[in-house]
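Architecture at a glance
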Amino acid sequence: MASVSIRGVVKSFGKTPVIHALDLEIAHQEFVVLVGPSGCGKSTMLRMIAGLEDVDLGEIAIDGRVVNRVAPKDRNIAMVFQNYALYPHMTVFRNMAFALRAARLPQPEIERRVHEAARILGLTELLERRPGELSGGQRQRVAMGRAMVRDPAVFLFDEPLSNLDAKLRSAMRTEIKKLHQTVKTTIVYVTHDQVEAMTLADRIVIMRDGRIEQIGSPLQVFQKPTNVFVAGFIGSPAMNLLTGTVHRDGDGFRTTWPGGPTLPVPARAVPKLTDGQAVIIGIRPEHVSAIDGPTRLPADWQIEAEIAVVEPLGSETLLLARFGDHELTGKGDGRTIPRPGQRQRFGFDLDHLHLFDRANERALT
Amino acid sequence: MRGSYERLTIAGKQAVWAWAFLAVPLVFYGVVRFYPTAQAFYLSFTSWNLLGEARFIGVDNYVRLTQDPVFWKVAVNSFEYVALGLPISLVLSFVIAYYLDRVRFGHALLRALYFLPHLTTAAAMAWVWRWLYQPVPVGVFNGVLADIGLPAQPFLRSTDQALPAVLAPAIWAMLGFQVVIFLAGLKAIPRSYYEAADIDGAGAWRVLREITLPLLRPTLVFLIVISSIAFLRIFDYVYNMTNGDGGPLDSTKPLVLSIYQTAFGRFDMGYASAQTVVLFFILLALTLLQMRLLRKPR
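Residues numbered from 1 in each chain as written. Chains lettered and ligands numbered in written order. Predicted model: local features only at pLDDT ≥ 70, side-chain atom pairs only at ≥ 80, totals over all residues. Heavy atoms only, no water.

Here we look at the overall build of chain A
For chain A, the helix and strand inventory stands at eight helices and 20 strands. If one aligns the C-alpha atoms of chain A with their principal axes, the spans along those axes are about 75 × 45 × 35 Å. Burial statistics for chain A: of 365 residues in total, 52% are counted as buried. When contacts within chain A are restricted to residue pairs at least 6 apart in sequence, those whose partners lie at least 24 apart make up 66%. Summed over all atoms, the accessible surface of chain A reaches about 16,300 Å², with 49% contributed by carbon and sulfur. Computed over 45 positive and 42 negative side-chain charges, the separation of the two mean positions in chain A equals 5 Å. (Helix = DSSP H or I, 4+ residues; strand = E, 2+ residues; numbered from the N terminus. Buried < 20%, exposed > 50% of the residue type's maximum accessible area, 1.4 Å probe, protein only. Contact = heavy atoms within 4.5 Å. Areas by Shrake-Rupley, 256 points an atom, 1.4 Å probe, with all protein chains shown as cover. Lys, Arg positive; Asp, Glu negative; His and termini not counted. Charge placed at Lys NZ, Arg CZ, Asp CG, Glu CD.)

Have a look at this one:
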């Protein structure tokens, strides 16, 4: 059983504040991913949980015990570092056994645990090698094995996949998820890659400038971003964000941006809107679809634009289109690929239109 | 000529330029280092007093060496300088570097202070230390001993104490160099190793033994080889602290001073060259042995 509680934690380096009064409750067996751009404080937060950085204010509790003054080794945690931090002069076995030997476990128990972890991670053949003789993915697995043998209360991962190439990264992502399903240990995982966050997390914590912007399941933060930052950060390709205004139109509202079409606003947003309000309009590329041929979409949900850039992905095609001064990314099917300069009809799926107040960047929909 | 240069491959052109630049140091080393070395080997088989022709006498000089009690005394002295100087200086400099590495405040100033003796002229330092070793009222060390009620020590006047007394300033001067090299070695160890060990629950002693020292191995090999050679070739401290004779009773005389006296005191060039050749082989053997012992396992 291990939960992690972060209560009002404040941290600064010299005069530079990096964490502003952060609160976060992580449940037992939960996989929580801290994600945000570099400098958002996510790594510092993780290092404070690990005990590698002091907490200025507030408290961190692991399993109900406040650990602010507890040394890293007594926190019952294990950490996987971005550069793996494998000791280059030791074999894989000795690397994985290091913590167990430090804990003075009997030799047969050490061997049993290391071999067990090696079996789960497919490292049995490599136990006598040194880190220098391993590939990036193998080193990554050894780093995880070193953490696993300790059977810790909490796993901490600090950008563990960022040194791997794209293909290996997605393979290791699956491995980590499998590992979590097997050992069911609480995991706090730091990354700047929102795809990793989406695919791995039970809950995502999106951070910016030392503050939490939103906490939620991957689908919650994707479908209901609470502000412009989260909307733009989560999802690939990124959500289109346009500076526009809303105007009363009978019972409802319509929204538009300079040079753009005038679109009806979904009814759920209506109560929060005022006539002439300055907004940011958000719509994901998958909800701006290229239309070839007949459609049942209402005419005012459609627009024609000039294609600027075409990015075929195989199963679909990303289309960068120009509406007056603005650009919008839309999607076409993979079958026909338009040429730049060509006129193309697009249909908006307005059920998925997001509106944000331009003054405070908070969601209105 | 120009045409043939242009027909060379890119690698060929780079080789031409590399050799052109290497030519100057090669000529320099050939004339100033390698030729005299070869000449010393030749002279060690001759009898020559700088005047007249060198007379070839075969291995007579080497036979004479084995029968010369002063040479054996001198050889033992030289080994003592290494056997004492190397471990003492390395342990001290490692301890200093280990803790200096943790100090942020005044780090640069302290490092400079430790390095200063290394930059100071050996002769000047030797003479200052010579004063420190004098009897009261001049000598500081004996003054301190007297103040705390201990008997005065003869230091440089004693055949037992003179060698360590001469070695002390040599170690002190060596420390600066070793500390700086150790610091560079310590800084090159990524912090994340220490953080990982911290989380893994390793204590300071285990971290030192199993992480810091093994990762410092290249630094250690370098320092052991360089420092052994330096202590084996000790000369200026002995010369300046013992009136140039390695006394009392040859108790501090190292090989290099013996060579110097044989060559430029008695002008016995052949015999001096033989001693030089012996020193050369001792240095070579010691260095090869150390590199083999300290080579990276596997």
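Considering the packing of aromatic side chains
Enumeration according to the criterion identifies 29 aromatic pairs over all chains in this entry. An angle of 35° between the planes, with centres 6.1 Å apart, marks the rings of B:Trp17 and B:Phe21 as tilted. Residue B:Trp17 and its partner B:Phe21 are both found in helix 2 (residues 10-43); the two are separated by four residues, about one turn of the helix. Taking the relative accessible area as the measure of exposure, B:Trp17 reaches 49% and is therefore partly exposed. Given a relative accessible area of 61%, B:Phe21 falls into the exposed group. Among the aromatic residues, those joined into a cluster by ring pairs are B:Trp129, B:Tyr133, B:Phe141, B:Phe155 and B:Trp172. The residue whose ring lies beneath A:Arg146 is A:Tyr87, and the NZ or CZ to ring-centre distance is 5.0 Å. (Phe/Tyr/Trp six-rings, centres within 6.5 Å; stacked < 30°, edge-to-face > 60°. Lys NZ or Arg CZ within 6 Å of the ring centre and 35° of its normal.)

Quick look at the domain arrangement of chain B
Many authors give the size of an interface as the accessible area that is lost as the parts come together. As far as domains go, chain B holds domain 1 (2-43) and domain 2 (69-293). The centre of domain 1 of chain B, based on its C-alpha atoms, is set 36 Å off from the matching centre of domain 2 of chain B. (Domains from an automatic or database assignment.)

Notes on the environment of A:Pro225
All names here are of chain A. Mapping Pro225 onto the fold places it in the loop between helix 7 (218-223) and helix 8 (228-233). Sequence separation between Pro225 and Glu53 is 172 residues; the distance between their C-alpha atoms is 31 Å. Once residues within four sequence positions are removed from consideration, Pro225 is found in contact with Gln214, Gln220, Val230, Ala231, Met239, His354, Phe356 and Ala363.

A closer look at the interface of chain A and chain B
Contacts between the two partners involve 27 residues from chain A and, on the opposite side, 17 residues from chain B. Carbon and sulfur atoms make up 55% of the surface buried where chain A meets chain B, a total of about 1,900 Å² over both sides. When the area that chain A buries against chain B is broken down by residue, the three leading residues are A:Tyr87, A:His89 and A:Phe98, summing to 25%. Two residues, B:Glu195 and A:Arg47, come together in a salt bridge whose shortest N-O distance is 2.5 Å. Between the two partners, chain A and chain B, sit seven residue pairs in polar contact (both at pLDDT 80 or more). Within the residue set of the side of chain A that touches chain B, elements represented by two or more residues are helix 1 (42-50), strand 6 (77-80) and helix 2 (92-102) of chain A. No other element matches the five residues that helix 2 of chain A contributes to the side of chain A that touches chain B. Here the side of chain A that touches chain B is built from residues that sort into 15 nonpolar, two polar and ten charged. (Buried area = accessible area lost by both parts, 1.4 Å probe. Salt bridge = Lys/Arg side-chain N within 4 Å of Asp/Glu carboxyl O. Polar contact = N/O pair within 3.5 Å; in protein donor to acceptor, adjacent residues only side chain to side chain. Nonpolar A, V, L, I, M, F, W, Y, C, P; charged D, E, K, R; others polar.)

What about the domain arrangement of chain A?
All names here are of chain A. If you check the domain split of chain A, you get domain 1 (4-233) and domain 2 (240-357). The C-alpha-based centres of domain 1 and domain 2 are spaced at 39 Å. Counting residues at the interface gives nine residues for domain 1 and seven residues for domain 2. The junction of domain 1 with domain 2 conceals about 630 Å² of combined surface from both sides, 66% of it contributed by carbon and sulfur atoms. When residues of domain 1 are sorted by the area they lose upon contact with domain 2, Phe222, Val228 and Ala231 head the list and together hold 66% of the total. Taken together, the connections running from domain 1 to domain 2 amount to zero salt bridges. Here domain 1 is connected to domain 2 by one residue pair in polar contact (both at pLDDT 80 or more). For the side of domain 1 that touches domain 2, the secondary-structure elements that each account for two or more residues are helix 7 and helix 8. For the side of domain 1 that touches domain 2, a count of residues per class yields five nonpolar, three polar and one charged.

What about helix 2 of chain B?
Residue and element names in this part refer to chain B. With 34 residues, helix 2 should cover 50 Å at 1.5 Å per step; its first-to-last C-alpha distance of 46 Å lies within 8% of that length. At Gly30, helix 2 shows its largest kink, close to 40°. Those residues of helix 2 that fall on the buried side of the exposure criterion are Gly12, Ala40 and Leu43. Lining the buried residues of helix 2 we find strand 1 (46-47), helix 3 (60-66) and helix 14 (269-293). (Expected span 1.5 Å × (residues − 1). Bend = angle between axes of the 7 residues up to and from the residue.)

Observations regarding the pattern of salt bridges
Enumeration according to the criterion identifies 26 salt bridges over all chains in this entry. Note that B:Glu210 and A:Arg101 form a salt bridge whose closest N and O atoms lie 2.5 Å from each other. Placement of the pair is B:Glu210 in helix 10 (residues 204-215) and A:Arg101 in helix 2, with the two residues belonging to separate chains. According to the relative accessible area criterion, B:Glu210 is buried, its value standing at 8%.

Comments concerning the side chain of A:Thr191
All names here are of chain A. As for its position among the elements, Thr191 is in strand 8 (residues 186-191). By relative accessible area, which is 1% here, Thr191 ends up buried. At 3.0 Å, the side chain of Thr191 forms a polar contact with the side chain of Glu196. Setting aside chain neighbours within four positions, we find Thr191 in contact with Val33, Leu34, Val35, Gly36, Lys42, Glu159, Glu196 and Ala197.

Some details on the packing of helix 13 (residues 255-264) of chain B against helix 14 of chain B
Residue and element names in this part refer to chain B. With their axes 8 Å apart at the nearest point, helix 13 and helix 14 run at an angle of 160° to one another. In terms of their interaxial angle, helix 13 and helix 14 are classed as roughly antiparallel. As for how helix 13 packs across helix 14, the hand of that crossing is left-handed. Taking contact as the criterion, the partners of Leu255, Val256, Ser258, Ile259, Thr262, Ala263 and Phe264 in helix 13 are, on helix 14, Met269, Tyr271, Ala272, Gln275, Thr276, Leu279 and Ile282. (Axes fitted to C-alpha atoms, helices over the stretch in contact; angles between N-to-C directions. Parallel < 35°, antiparallel > 145°, perpendicular 65-115°, else oblique. Left-handed = near helix turned anticlockwise from the far one by under 90°.)

Notes on the side chain of B:Thr212
All names here are of chain B. Relative to the assigned elements, Thr212 resides in helix 10. Relative accessible area serves as the criterion here: at 1%, Thr212 is assigned to the buried category. Within the structure, the side chain of Thr212 is placed 3.4 Å from the side chain of Tyr194, a separation counted as a polar contact. Leave out the neighbours within four places in its chain, and Thr212 touches Leu186, Ile189, Tyr194 and Val207.

Considerations on the environment of B:Ala165
Residues and elements named next belong to chain B. For Ala165, the location among the structural elements is in helix 8 (residues 162-187). Sequence separation between Ala165 and Arg130 is 35 residues; the distance between their C-alpha atoms is 9.0 Å. Apart from residues no more than four positions distant in its own chain, Ala165 is found in contact with Tyr133, Leu156 and Met241.

Here we look at the sheet that holds strand 6 of chain A
Adjacent strands of a sheet form backbone hydrogen bonds with each other and so pair up, either parallel or antiparallel. Residues and elements named next belong to chain A. Taken together, the six strands give an open sheet; going across it, the order is 6-7-8-3-9-10, and neighbouring strands pair in mixed fashion. If you trace the sheet from one side to the other, it starts and ends with strand 6 and strand 10 (211-216), each paired once. Each adjacent strand pair in this sheet contributes to an overall mean axis angle of 15°, direction not counted. Pairing analysis gives five bridges linking strand 3 (residues 31-35) to strand 8, with the strands arranged parallel. When the bridges of strand 8 are listed, Val35 appears paired with Thr191. Across the sheet, helix 4 (residues 136-148) lies against strand 6 and strand 7 (154-158), angled at about 175° from strand 6, the strand it touches most. (Pairing = 2+ DSSP bridges.)

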